[in-house]
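Residue-level listing of the chains:
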Amino acid sequence: AMTAPLLTLVALPLLPSLWIICRLISKDLESIQDSNISDDNSTPTTSTVGAQLLLFIALGIMGHIGTNKLIPSIKYYMLKRGISGKDLGKKGTPKENDDIPEALGIVPGAIFLICLMFCLVGYATNHPSKLLDLNSALLSICFMLFLGFTDDVLEWPWRYKLFLPSVASLPL
């Protein structure tokens, strides 16, 4: 459990960002109220910058929670399947012979892709011309995640490790 001073130190760098988000939301709420008061029957846009930022932050928090919940169960499964190794940095310590799961990067990578897809849905509705660029970036990230997982499982030779990332960057 985190103590109060440590929690304060962790949260302190976030204060400027939170202040900017609160300012954006208050300006958006004022513009919505002004448009509701005006005589013309125009409807205010609901996907404002502040609301999108709040949704992205909420999505990031849910991704963090999902990653923290999934890692222990996937760790158990990886150790059970024998996809593990030894931590060479722990030589001479009591944890020297503990098995460490190797392919756990797939968990935060998959959660990141899921969160990114949800973010892209909200962003692409407002900027459809950018959809091709966003999908090519998503494809490169997927390929690199796949490459990292297969490297942990299949132990690729270095000649492939040097060649395949350049292929993954082709969509960019």
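Residues numbered from 1 in each chain as written. Predicted model: local features only at pLDDT ≥ 70, side-chain atom pairs only at ≥ 80, totals over all residues. Heavy atoms only, no water.

Another aspect to go through is the overall build of the protein. Of the regular secondary structure elements, the protein holds 6 helices and 2 strands. Each helix and strand of the protein, ordered N terminal to C terminal, gives the series α-α-α-β-β-α-α-α. For the protein, long-range pairs separated by at least 24 residues make up 55% of all intrachain contacts whose partners lie at least 6 apart in sequence. (Helix = DSSP H or I, 4+ residues; strand = E, 2+ residues; numbered from the N terminus. Contact = heavy atoms within 4.5 Å.)

Attention now goes to the packing of helix α3 (residues 49-81) against helix α4 (residues 106-126). Here α3 crosses α4 at 160°, and the two axes come no closer than 7 Å. When the interaxial angle is binned, α3 and α4 end up roughly antiparallel. The handedness of the crossing between α3 and α4 is right-handed. Contacts between α3 and α4 involve Gln52, Phe56, Leu59, Gly63, Gly66, Thr67, Leu70, Ile71, Ile74 and Met78 on the former and, on the latter, Ile106, Val107, Pro108, Ile111, Cys115, Phe118, Cys119, Gly122 and Asn126. Here the residues of the contact of α3 with α4 sort into 13 nonpolar, 6 polar and no charged. (Axes fitted to C-alpha atoms, helices over the stretch in contact; angles between N-to-C directions. Parallel < 35°, antiparallel > 145°, perpendicular 65-115°, else oblique. Left-handed = near helix turned anticlockwise from the far one by under 90°. Nonpolar A, V, L, I, M, F, W, Y, C, P; charged D, E, K, R; others polar.)

Right, let's talk about unusual backbone geometry for a bit. Non-glycine residue Glu155 carries a positive phi angle of around 55°. Take Glu155: it is sitting in the loop between α5 (131-154) and α6 (158-168). Given a relative accessible area of 60%, Glu155 falls into the exposed group. (Buried < 20%, exposed > 50% of the residue type's maximum accessible area, 1.4 Å probe, protein only.)

Mapped onto the elements, Thr67 comes out in helix α3. Once residues within four sequence positions are removed from consideration, Thr67 is found in contact with Val107, Pro108 and Ile111.

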